[in-house]
Amino acid sequence: FLLMGVSERMTDTLMLASYDMVNQYINMISIPRDTFYFRPGYSPYAANKINSIYNSQGVSAVAEAVSTILYGMPIHYYAIVEYSDIRKVMDVVGGVKVNIPFHMKYIDTTKGKELYIDIPAGEQTIDSSNVIEFLRFRKTNPAFARQGYKSYDAADIRRIQTQQEFVKAVLKECLKVGNLADVARVTLQNVESDLTYAMAGKLVLKAMSGLSSDNVSAYTLPGRDKMMHELSFWVADEEKIGEMLMEIYSLEAEAEDVEGEN
């Protein structure tokens, strides 16, 4: 499942989630928004950031890019989530506890784009009243920075980790309360997705019958920061990606089995 968090036609959040319904495991791989993905003929150079693909080429191109980066990983379904959808989902989920890495402080008074974020560090309850502010936070204002308030690093890696904790907390809460079916229904009613109600129902029944929140793992695309054309990119490490996929999906063991058969 390719999950895309969209804001102003950019994919601020990209996450590939897989659910092993037999062994009851969920794995999530987050793709940093600044990941380098070369697109011939596209300019300016910022168009080579993976988060810009959706605006110019749409869902299928984003899925193709993510699949290519992950060694041809098949992607069966997608969901596009906008910030306005999140409050409706969280009204059903209720509040979840999330560890905030530092005090999130930010103010934007631009008309039509007003945003006020003030979430203290430590364990906080994220619910429909503050979830959009929590998910939208990226950096503090210069004036607040001079007072010691922090921003996420340039590659957004810490922001990704915080979002992953949030997703796991939401899933854990839904499994505990038993409202996963209601959450799935409200989600499909409010987001753009090619996941059918029938398949969603099948997934929910499987999850409720044996999935444990302890069996949910999160990864971030291996790579490094690199400045190119005076822009900051996250450059994927192909060797480490291969190692990550082997760890998640036991691809190495499967390859050895095939070799033995031959």
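The text that follows walks through the structure, step by step, so that each part is easy to find.

In this fold, Asn-23 is placed in the loop between strand 2 (10-20) and strand 3 (25-30). As for Asn-23 and Thr-110, which are separated by 87 residues in sequence, their C-alpha atoms are 49 Å apart. A distance of 3.0 Å separates polar atoms of two side chains, one belonging to Asn-23 and the other to Asp-20.

Pro-44 follows Ser-43 through a cis peptide bond whose omega is 0°. If you trace the backbone, Pro-44 turns up in the loop between strand 3 and helix 1 (53-57). We note that Glu-8 has phi near 55°; this positive angle belongs to a residue other than glycine. Note that Glu-8 resides in the loop between strand 1 (2-7) and strand 2. Residues other than glycine seldom take positive phi values, yet Glu-230 does so here, at roughly 65°. Tracing the backbone through its elements, the reader meets Glu-230 in the loop between strand 11 (223-228) and strand 12 (231-236). Among the residues examined, Glu-230 registers a relative accessible area of 76% and is labelled exposed.

What follows concerns the pattern of salt bridges. Counted by the stated rule, this structure contains 10 salt bridges. Between Arg-138 and Asp-12 there is a salt bridge, and its shortest N-O distance comes to 3.1 Å. With Arg-138 in the loop between helix 4 (131-136) and helix 5 (142-146) and Asp-12 in strand 2, the pair connects residues that are 126 residues apart, well separated along the chain. With relative accessibility at 26%, the residue Arg-138 sits in the partly exposed group. Overall, Asp-12 belongs to the buried group, its relative accessible area being 10%.

The next subject is the nonpolar core. One recurring pattern in soluble globular proteins: nonpolar side chains tend to sit buried together. Val-96, Phe-134 and Phe-166 are the most contacted members of the largest nonpolar core, which has 43 residues in total. Among the elements that make up this core, the one with the highest residue count is helix 6 (residues 157-177) (six residues). Once residues within four sequence positions are removed from consideration, Val-96 is found in contact with Met-90, Gln-124, Thr-125, Ile-126, Phe-166, Ala-169, Val-170 and Glu-173. Core analysis: the second largest hydrophobic core is formed by 31 residues, Met-4, Leu-14, Tyr-37 and Ile-69 among them.

Another point: the sheet that holds strand 3. Strands sit in the order 9-4-1-2-3-10 across an open sheet of six strands; the sheet is mixed. Because the sheet does not close on itself, it has two edges, and the strands there are strand 9 (192-193) and strand 10 (216-220). With six bridges joining them, strand 2 and strand 3 adopt antiparallel strand pairing. Its bridge partner lying in strand 3, Asp-20 is registered against Tyr-25. Where helix 3 (residues 83-93) meets the sheet, it contacts strand 1, strand 2 and strand 4 (78-82), and its direction lies at approximately 95° from that of strand 4.

As a further point, take the packing of aromatic side chains. Summed over the entire model, instances satisfying the criterion amount to nine aromatic pairs. These aromatic residues form a ring-pair network of at least three members: Phe-36, Tyr-45 and Phe-233. If you follow Lys-49 out to its NZ or CZ, it ends over the ring of Phe-233, 5.5 Å from the centre. Directly above the aromatic system of Phe-144 lies the positively charged group of Lys-105, at a separation of 5.4 Å from the ring centroid.

Reading the values: the criteria
Residues numbered from 1 in each chain as written. Predicted model: local features only at pLDDT ≥ 70, side-chain atom pairs only at ≥ 80, totals over all residues. Heavy atoms only, no water. Helix = DSSP H or I, 4+ residues; strand = E, 2+ residues; numbered from the N terminus. Polar contact = N/O pair within 3.5 Å; in protein donor to acceptor, adjacent residues only side chain to side chain. Buried < 20%, exposed > 50% of the residue type's maximum accessible area, 1.4 Å probe, protein only. Salt bridge = Lys/Arg side-chain N within 4 Å of Asp/Glu carboxyl O. Core = buried A, V, L, I, M, F, W, Y, C linked by side-chain atoms within 4.5 Å. Contact = heavy atoms within 4.5 Å. Pairing = 2+ DSSP bridges. Axes fitted to C-alpha atoms, helices over the stretch in contact; angles between N-to-C directions. Phe/Tyr/Trp six-rings, centres within 6.5 Å; stacked < 30°, edge-to-face > 60°. Lys NZ or Arg CZ within 6 Å of the ring centre and 35° of its normal.

On their own, these measurements won't tell you what the molecule is for.
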